[in-house]
Amino acid sequence: ITDLPTFCRWRGLPPWGKPELEQLVDVCDRLVVDSSEWRGLPGAYRQLEALFDRTAVSDIAWGRSLGWRGRLSSLWPDVKTVKNLSVTGPKADALLLAGWLRSRLKRPVKLSFRSAAELERIAVDGEPVPPPRGAPPSASDLLSAELDVFGRDPIYEAAVTAAR
């Protein structure tokens, strides 16, 4: 069916520049990744950026941070002066949160990072941010949410660019 949107869920680090990825990117409407599965961050984000003009890209790590981004946004206008962001969680999630703040504030924000299996704690300039309400979404819920999106996400793309 030619009008049916196509999605590709790529597990692990994509083989940048290889025919198998290049061909799929050219035929799919949306590439869904989870950058927390990747080694070589933040450098791998440079490779991902090269795909933004060819297909819409979704990142499950980005979706995982939605509740925390909401909490950070609720600190407005005080958050506009933040200098340091401290994150305990997956490296990809921390980098994307810092990139998001940098891209929205249009200035540097220093990231301090401690590895954990999930986003556990965020602080701005040493002050803890209250965690989002409720349980974190499951992996299947995060993937399902990405399959409901059909266009590009310029805020995510800016966060990736600023995450480096």
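Provided above is the structure to which this section pertains.
So, here's what we can say about the structure. Keep in mind that what you see is a predicted model, and the values were worked out from it rather than measured. (Residues numbered from 1 in each chain as written. Predicted model: local features only at pLDDT ≥ 70, side-chain atom pairs only at ≥ 80, totals over all residues. Heavy atoms only, no water.)

Further remarks concern unusual backbone geometry. A negative phi angle is the norm for most residues apart from glycine, just as the trans form is the norm for most peptide bonds. The linkage connecting Leu-41 with the following residue, Pro-42, adopts the cis geometry, with an omega of 10 degrees. Inspection of the secondary structure assignment puts Pro-42 in the loop between strand E2 (30–33) and helix H2 (43–49). Across the junction of Trp-76 and Pro-77, the peptide omega takes the value 10 degrees, indicating a cis bond. Relative to the helices and strands, Pro-77 resides in the loop between helix H4 (66–73) and strand E4 (84–89). One non-glycine residue with positive phi stands out, namely Lys-106, at about 55 degrees. Structurally, the position occupied by Lys-106 is in the loop between helix H5 (91–105) and strand E5 (110–115). Overall, Lys-106 belongs to the exposed group, its relative accessible area being 72%. Although it is not a glycine, Asp-125 sits at a positive phi angle of roughly 50 degrees. Position of Asp-125 relative to the elements: it lies in the loop between strand E6 (121–124) and strand E7 (127–128). (Helix = DSSP H or I, 4+ residues; strand = E, 2+ residues; numbered from the N terminus. Buried < 20%, exposed > 50% of the residue type's maximum accessible area, 1.4 Å probe, protein only.)

With that settled, the discussion passes to the sheet that holds E2. Taken together, 3 strands build an open sheet; the order of strands is E1-E2-E3 and the sheet is parallel. Lying at the two open borders of the sheet, with one neighbouring strand each, are strand E1 (7–9) and strand E3 (56–59). Here the strands of the sheet are splayed against their neighbours by 20 degrees on average, with no regard to which way each runs. Bridging between E1 and E2 involves 3 bridges; their strand directions are parallel. Bridge pairing in E2 places Phe-7 opposite Arg-30. (Pairing = 2+ DSSP bridges. Axes fitted to C-alpha atoms, helices over the stretch in contact; angles between N-to-C directions.)

With respect to the helices and strands, the residue Ile-122 is situated in strand E6. Through-space distance from the C-alpha of Ile-122 to that of Arg-71 is 9.7 Å; in sequence the pair is 51 residues apart. If sequence neighbours within four positions are ignored, Ile-122 has contacts with Trp-68, Leu-72, Leu-85, Ser-86, Val-87, Leu-97, Glu-127, Pro-128 and Val-129. (Contact = heavy atoms within 4.5 Å.)

A few words now on the side chain of Glu-146. Relative to the assigned elements, Glu-146 resides in helix H6 (residues 139–147). One buried charged residue, Glu-146, forms no salt bridge at all, with the nearest opposite charge on Arg-30 at 4.7 Å. Dropping the residues within four chain positions of it, Glu-146 is found in contact with Phe-7, Arg-30, Val-32, Ser-58, Asp-59 and Gly-63. (Lys, Arg positive; Asp, Glu negative; His and termini not counted. Salt bridge = Lys/Arg side-chain N within 4 Å of Asp/Glu carboxyl O.)

Looking now at the nonpolar core. Tyr-45, Leu-48 and Leu-85 are the most contacted members of the largest nonpolar core, which totals 42 residues. The element that contributes the greatest number of residues to this core is H5, accounting for 9 residues. Apart from residues lying up to four places away in sequence, Leu-48 is in contact with Trp-16, Trp-38, Val-57, Tyr-156 and Val-160. (Core = buried A, V, L, I, M, F, W, Y, C linked by side-chain atoms within 4.5 Å.)

Read from one edge of the open sheet, 4 strands run E5-E4-E6-E7, paired in mixed fashion. Each edge of the open sheet carries a strand with a single partner, namely E5 and E7. Where E4 lies against E5, 6 bridges are found, and the strand directions are parallel. Within E5, the residue paired with Thr-88 across the bridge is Arg-114.

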